[in-house]
Amino acid sequence: MAAELFPIIATSDLERSLGFYRDLLGGTVAYEFAGPDGSAVYVGVDLGRSHVGIGHDPAAARAGTAVSLWIYTDDCDALIERLRAAGTTVLEEPVDQPWGERVARVEDPDGIPVHVATRPR
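The paragraphs below set out a description of the structure included in this document. (Residues numbered from 1 in each chain as written. Predicted model: local features only at pLDDT ≥ 70, side-chain atom pairs only at ≥ 80, totals over all residues. Heavy atoms only, no water.)

Taken as a whole, the largest pocket spans an internal volume of roughly 860 Å³. Mapped onto the lining of the largest pocket, the elements with two or more residues apiece are strand E1 (2-11), strand E2 (28-34), strand E3 (40-47), strand E4 (50-56), strand E5 (67-73), strand E7 (102-107) and strand E8 (113-118). Sort the elements by how many residues they give to the lining of the largest pocket and E1 lands first, with five residues. Looking at the lining of the largest pocket residue by residue, the class counts come to 17 nonpolar, eight polar and six charged. When its volume is computed, the second largest pocket comes out at roughly 170 Å³. If you go around the second largest pocket, you meet twelve residues; those closest to its centre are Ile71, Leu83, Val106, Asp108 and Val114. For the lining of the second largest pocket, the secondary-structure elements that each account for two or more residues are E5, helix H3 (76-85), E7 and E8. Class assignment for the residues of the lining of the second largest pocket results in nine nonpolar, one polar and two charged. (1 Å grid on protein atoms, 1.4 Å probe; cavity = no way out; pocket = protein on both sides within 12 Å on 5 of 7 lines; lining within 4 Å. Points joined across faces, edges and corners; volume = space filled by probe spheres on them. Helix = DSSP H or I, 4+ residues; strand = E, 2+ residues; numbered from the N terminus. Nonpolar A, V, L, I, M, F, W, Y, C, P; charged D, E, K, R; others polar.)

Within the structure shown, the criterion is met by seven salt bridges. Note that arginine 105 is salt-bridged to glutamate 92, the shortest N-O span being 3.2 Å. Of this pair, arginine 105 sits in strand E7 while glutamate 92 sits in strand E6 (residues 90-96), and the two are 13 residues apart along the sequence. Residue classification places arginine 105 among the partly exposed positions, given a relative accessible area of 21%. (Salt bridge = Lys/Arg side-chain N within 4 Å of Asp/Glu carboxyl O. Buried < 20%, exposed > 50% of the residue type's maximum accessible area, 1.4 Å probe, protein only.)

Moving on, we get to the side chain of serine 17. By the secondary structure assignment, serine 17 is in helix H1 (residues 14-24). With relative accessibility at 10%, the residue serine 17 sits in the buried group. With sequence-adjacent residues up to four places away left out, serine 17 is seen in contact with Thr11 and Ile54. (Contact = heavy atoms within 4.5 Å.)

What follows is about the environment of proline 120. As for its position among the elements, proline 120 is in the segment after E8. Sequence spacing of proline 120 and alanine 34 is 86 residues, and the spatial spacing of their C-alpha atoms is 17 Å. Not counting chain neighbours up to four residues away, the residues in contact with proline 120 comprise Trp99, Gly100 and Glu101.

On the basis of which strands lie adjacent, the open sheet formed by eight strands has the order E2-E3-E4-E1-E5-E8-E7-E6 and mixed pairing. A strand with exactly one partner marks an edge of an open sheet, and here the two such strands are E2 and E6. Averaged over all adjacent pairs, the angle separating strand axes in this sheet is 25°, with direction ignored. Sheet analysis places E6 next to E7, joined by four bridges and oriented antiparallel. Pairing of aspartate 96 across the sheet is with arginine 102, part of E7. Set on the sheet, H1 makes contact with E1, E2, E3 and E4; between it and E3 the angle comes to about 5°. (Pairing = 2+ DSSP bridges. Axes fitted to C-alpha atoms, helices over the stretch in contact; angles between N-to-C directions.)

So this is what it looks like as structure tokens:
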């Protein structure tokens, strides 16, 4: 079912975060997504065998929701239906995103939001 799990950190200053994860910790930028003005709004950084996403989201960073969990699966819709049938709260139904992924959001048993996504084929 789930193929990969990684955190995404919300930040109000993407360059500052990259200075830490990329420059100080020796990470390598593996992916970058630009916003409407062409500047990066999301960067994926590989750290050894691990991966962390860093997204420019000042509101989430201030609201105390600076870290979210993402699960990748081969079929977002099927996993959402499996979770729903087991009583999991679905916060957002699967939707195709501008960057090509299909993403939904659920709550784990402790109320922690978890994104469930399928990468573009």
